[in-house]
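Chain by chain, the residues:
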Amino acid sequence: KNRGWEAIIADDLVSRTLFLLSLVVGGVAGGVGAAAANFTDWFDGIEGNTSAISFFIGFLIGLVLASILMSVIGSGVNTVIVLFAEAPAEFQANYPELSNKMREAWQDAYPGLV
């Protein structure tokens, strides 16, 4: 903790990137929903702006499903970071190849910390 790990962990861009990716997936799913409203007869009995309604429903479904998947990925990334920061000896003993790759990457990104 005295080597500046709090600053590295606080600079967590992974969760923001995964959230942005979830929004993109939601937008794509919304676009598919809007296209389904325009090019199929599934919504012919509904009055109003069916494209907007279909986009919104598709966006929500895509956002929820992508958020679930991205939370699993984010948890995995956080686990590896915590293992590397809090228990580097155990990480080196159990996963030496991954530990060496991470040491090299951290050394390139943050010289002098590792």
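Residues numbered from 1 in each chain as written. Predicted model: local features only at pLDDT ≥ 70, side-chain atom pairs only at ≥ 80, totals over all residues. Heavy atoms only, no water.

(A) Seen up close, the overall build of the protein chain. When its secondary structure is counted, the protein chain shows five helices and zero strands. Counting helices and strands in the order they occur from the N terminus, the protein chain gives α-α-α-α-α. Relative to its 114 residues, the protein chain shows a buried fraction of 24%. Long-range pairs, those at least 24 residues apart, make up 56% of the contacts in the protein chain between residues at least 6 apart in sequence. Only carbon and sulfur atoms are counted for the fraction: they give 67% of the accessible area of the protein chain, which is about 7,700 Å². (Helix = DSSP H or I, 4+ residues; strand = E, 2+ residues; numbered from the N terminus. Buried < 20%, exposed > 50% of the residue type's maximum accessible area, 1.4 Å probe, protein only. Contact = heavy atoms within 4.5 Å. Areas by Shrake-Rupley, 256 points an atom, 1.4 Å probe, with all protein chains shown as cover.)

(B) Structural view of the confidence of the model for the protein chain. With 88% of its residues at a pLDDT of 70 or more, the protein chain has an overall mean of 84. Mean pLDDT across the elements of the protein chain bottoms out in helix α1 (residues 5-10) (56) and peaks in helix α2 (residues 14-39) (93). (pLDDT = per-residue confidence, 0-100.)

(C) Summary view of the packing of aromatic side chains. By the definition in use, this model includes two aromatic pairs. With 6.2 Å between their ring centres and 15° between their planes, F55 and F59 make a pair best called stacked. In this pair, F55 and F59 both sit in helix α3 (residues 50-86), four residues apart, roughly one turn of the helix. Ring plane angle 50° and centroid distance 6.2 Å describe the contact between F91 and Y95, whose orientation is recorded as tilted. Classification of F91 as buried rests on a relative accessible area of 4%. (Phe/Tyr/Trp six-rings, centres within 6.5 Å; stacked < 30°, edge-to-face > 60°.)

(D) Fine view of the packing of α2 against α3. Remark: α2 packs on α3, axes separated minimally by 6 Å, with the N-to-C direction vectors making an angle of 150°. By the criterion of interaxial angle, the relationship of α2 to α3 is roughly antiparallel. In this structure, α2 crosses over α3, and the sense of that crossing is right-handed. Taken together, the residues of the contact of α2 with α3 break down into 15 nonpolar, 14 polar and no charged. (Axes fitted to C-alpha atoms, helices over the stretch in contact; angles between N-to-C directions. Parallel < 35°, antiparallel > 145°, perpendicular 65-115°, else oblique. Left-handed = near helix turned anticlockwise from the far one by under 90°. Nonpolar A, V, L, I, M, F, W, Y, C, P; charged D, E, K, R; others polar.)

(E) Seen up close, the side chain of S54. By the element assignment, S54 lies in helix α3. If sequence neighbours within four positions are ignored, S54 has contacts with G30, G33, A34, A37 and F43.

(F) Up close: the environment of F55. What makes F55 partly exposed here is its relative accessible area of 36%. Sequence separation between F55 and G33 is 22 residues, and the spatial gap between their C-alpha atoms is 5.1 Å. In contact with F55, other than residues within four places in its own chain, are G27, G30, G31, G33 and A34.

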